[in-house]
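Architecture and fold: a report
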Amino acid sequence: MKSISILALALFISMASRAQFEGVLTYDCTIKNKTLTTIYEAKNKVLLEAKIYPMKAGIADIKDAREQDPILFDFAAKKATRVGIKHHEVATSDIAPVTNDRNDKAKEEDITVTLVGPEKIDAYSCQHFSVKIRNTNVDLWVTKELGASAVCLLSQFDYYPAGSILFEKLKAAGGEGVVVRSKEGDIVVNLTNAQVKTVPESYFDITKKP
């Protein structure tokens, strides 16, 4: 009976580690300015929102925050939608990486993912990965304790959705989970809050938001 209980526990842990993350993830990146990125995840949709706060005397100025255009990945429809905040322009395309540079056009031979090993980041047990895209080198720390996110936040404003080459290579290397930290040179992005909960479907209708 004891061996069966141990087996059942091991199976539960294994299933939990592969379960899809549903909820809200908040990331902080502070260099010259503070960038707060929020990722909302449901079963088939992911909404990305980010705000940039200027730093004044070492403190983020909340009043002068600049909102970035929200991005919605709809995996059921296989579409990505971006809403221009200033002019409320809606652009829809096939799902693809959204990055700050031309790395979104990287081919399979341009991307390598190497497992460095297990490390503890804050309260999370993580696996440390070294990612290279052409001449860009990023260190990622990924945990399975929260389930599997459908988007890899590689660096500040760099998002790789499920199905993209980098996402699938990271998954194949054992990096299916939630990014807890990313480091690209001096740019360090940290997971500051994770809420496991159901995000209402209405929240993902970004075209109707004011």
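Read on for a plain summary of the structure.

Reading guide: rules and limits
- Residues numbered from 1 in each chain as written.
- Predicted model: local features only at pLDDT ≥ 70, side-chain atom pairs only at ≥ 80, totals over all residues.
- Heavy atoms only, no water.
- Helix = DSSP H or I, 4+ residues; strand = E, 2+ residues; numbered from the N terminus.
- Buried < 20%, exposed > 50% of the residue type's maximum accessible area, 1.4 Å probe, protein only.
- Contact = heavy atoms within 4.5 Å.
- Areas by Shrake-Rupley, 256 points an atom, 1.4 Å probe, with all protein chains shown as cover.
- Salt bridge = Lys/Arg side-chain N within 4 Å of Asp/Glu carboxyl O.
- Pairing = 2+ DSSP bridges.

A few words on the overall build of the chain. On a plain count of helices and strands, the chain comes out with 2 helices and 15 strands. Across the 210 residues that make up the chain, the buried fraction comes to 40%. Counted over contacts in the chain with a minimum sequence separation of 6, partners at least 24 positions apart contribute 51%. Put simply, the chain shows about 11900 Å² of open surface, and 54% of that area lies on carbon and sulfur atoms.

Under the definition given, this model contains 5 salt bridges. Residues D28 and K34 are paired through a salt bridge, measuring 2.6 Å at the closest nitrogen-oxygen approach. Close ionic contact of E201 with K45 constitutes a salt bridge, the shortest N to O distance being 2.5 Å. With E201 in the segment after β15 (187–196) and K45 in strand β3 (residues 45–56), the pair connects residues that are 156 residues apart, well separated along the chain.

In strand β6 (residues 71–74), alternate side chains face the same way, and those of I71 and F73 on one face and L72 and D74 on the other are all buried. Sheet topology places β3 next to β6; 4 bridges connect them, and they run antiparallel. By the bridge assignment, V46 is partnered in β6 with F73. Where β6 meets strand β7 (residues 79–83), 4 bridges bridge the pair, whose relative direction is antiparallel. Residue F73 lies in a different strand from β7, and its bridge partner there is A80. Hairpin remark: β6 followed by β7, antiparallel, with 4 residues in the connecting loop; positive phi at K78, about 60°.

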